[in-house]
Amino acid sequence: MIYTDFAAWEPIYERILEDFGFDRKGDEEAARFLSLMLTGKNTASISELRDRISEKPVLVCGNAPGLKNELLEIDLSAFVIIAADGASAVLMDIGRVPEVICTDLDGASDADIEKEILACEKGSMVLIHAHGDNQDRLEKYVPRFKRFIATTQSKPFDRVYNFGGFSDGDRCVFVALHFGAKSVKLAGFDFEDPEVSPIKKKKLNWAKELIGMAGI
């Protein structure tokens, strides 16, 4: 089941906020902050994003530790690649520029974000996500992205979109499905990683549930 409009997504979003103890107002404030950074020159085209994904096989790359080894066993030329945050650095390191990147700019190292900026310069379409505790990262890095699409996990408005999903990885899946991907394959997802922090484990649990809801 795909949540293609906010009315369908909102009840799930409210459950997530309650589970984590997050404040919706923080998400909304960050989204407004990001919207003020949009200009006619730096705003990427939704129709171009659709053209990149529609009716094409998509490989969604999460940033689990085994991602690089998985990628070496896949014919990457057969897919449009949507990379979640730090996964884009792994792809760039092996010489593959992802077609699309979904990032909130706070899950990757500064060095990895530099590679996201480089990927953008080389043609990646970047979806930059605003939420309650990444406003400082938005302020620091957004001006360096030449073209991007702004996203929120709260109610969309103007040129700030919500395609569904919560963390970078599951948002990649929802973007692929929202824009009509022919198929979706996952790489670099480890929902049972025992090495992560408790909050990261909770995020992985939600990612697993949301991707399951999407039928992947």
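All chains use their own residue numbering, which begins from 1 and follows the written sequence. At least 70 in pLDDT is required for a residue's local features to be given in this predicted model, at least 80 for side-chain atom pairs to be given and counted, and no such filter applies to totals for whole chains, interfaces and linings, which use all residues. Just so you know, side-chain values use all the structure's heavy atoms and leave hydrogens and water out.

**Overview of the environment of Ala-150**
Argument step 1. Topologically, Ala-150 is positioned in strand β5 (residues 148-152).
Argument step 2. A simple rule labels every residue: compare its accessible area, found with a 1.4 Å probe on the protein chains alone, to the largest value its type can have, and call it buried under 20%, exposed over 50%, or partly exposed in between. Accessibility expressed as a relative area gives 0% for Ala-150, which makes it buried.
Argument step 3. Between the alpha carbons of Ala-150 and Tyr-161 there is a distance of 6.3 Å; along the sequence they are 11 residues apart.
Argument step 4. We call two residues in contact whenever any of their non-hydrogen atoms come within 4.5 Å of each other. Leaving out residues up to four positions away in the same chain, Ala-150 has contacts with Leu-34, Leu-38, Ile-128, Arg-159, Val-160 and Tyr-161. Helix and strand definitions here come from DSSP, where helices need a minimum of 4 consecutive H or I residues and strands a minimum of 2 consecutive E residues; each element is numbered from the N-terminal end.

**Structural notes on the packing of aromatic side chains**
Argument step 1. For this analysis, a ring pair means two rings from Phe, Tyr or Trp (six-membered ring only for Trp) whose centres lie within 6.5 Å, classed as stacked if their planes differ by under 30 degrees, edge-to-face if by over 60, and tilted for the remaining angles. All chains considered together, the criterion is met by 7 aromatic pairs.
Argument step 2. Centre to centre, the rings of Phe-20 and Phe-166 are 5.3 Å apart; their planes meet at 40 degrees, and the pair counts as tilted. Within this pair, whereas Phe-20 is found in helix α1 (residues 6-20), its partner Phe-166 is found in the loop between β6 (160-161) and α8 (168-178), the two being separated by 146 residues in sequence. An identical accessibility class is assigned to Phe-20 and Phe-166; each is buried.
Argument step 3. Here Phe-189 and Phe-191 contribute two aromatic rings whose centre-to-centre distance is 5.9 Å and whose plane-to-plane angle is 45 degrees, an arrangement assigned as tilted.
Argument step 4. On the accessibility criterion, Phe-191 (17% relative accessible area) is buried.
Argument step 5. Chaining the aromatic ring pairs together yields one cluster made of Phe-20, Phe-22 and Phe-166.

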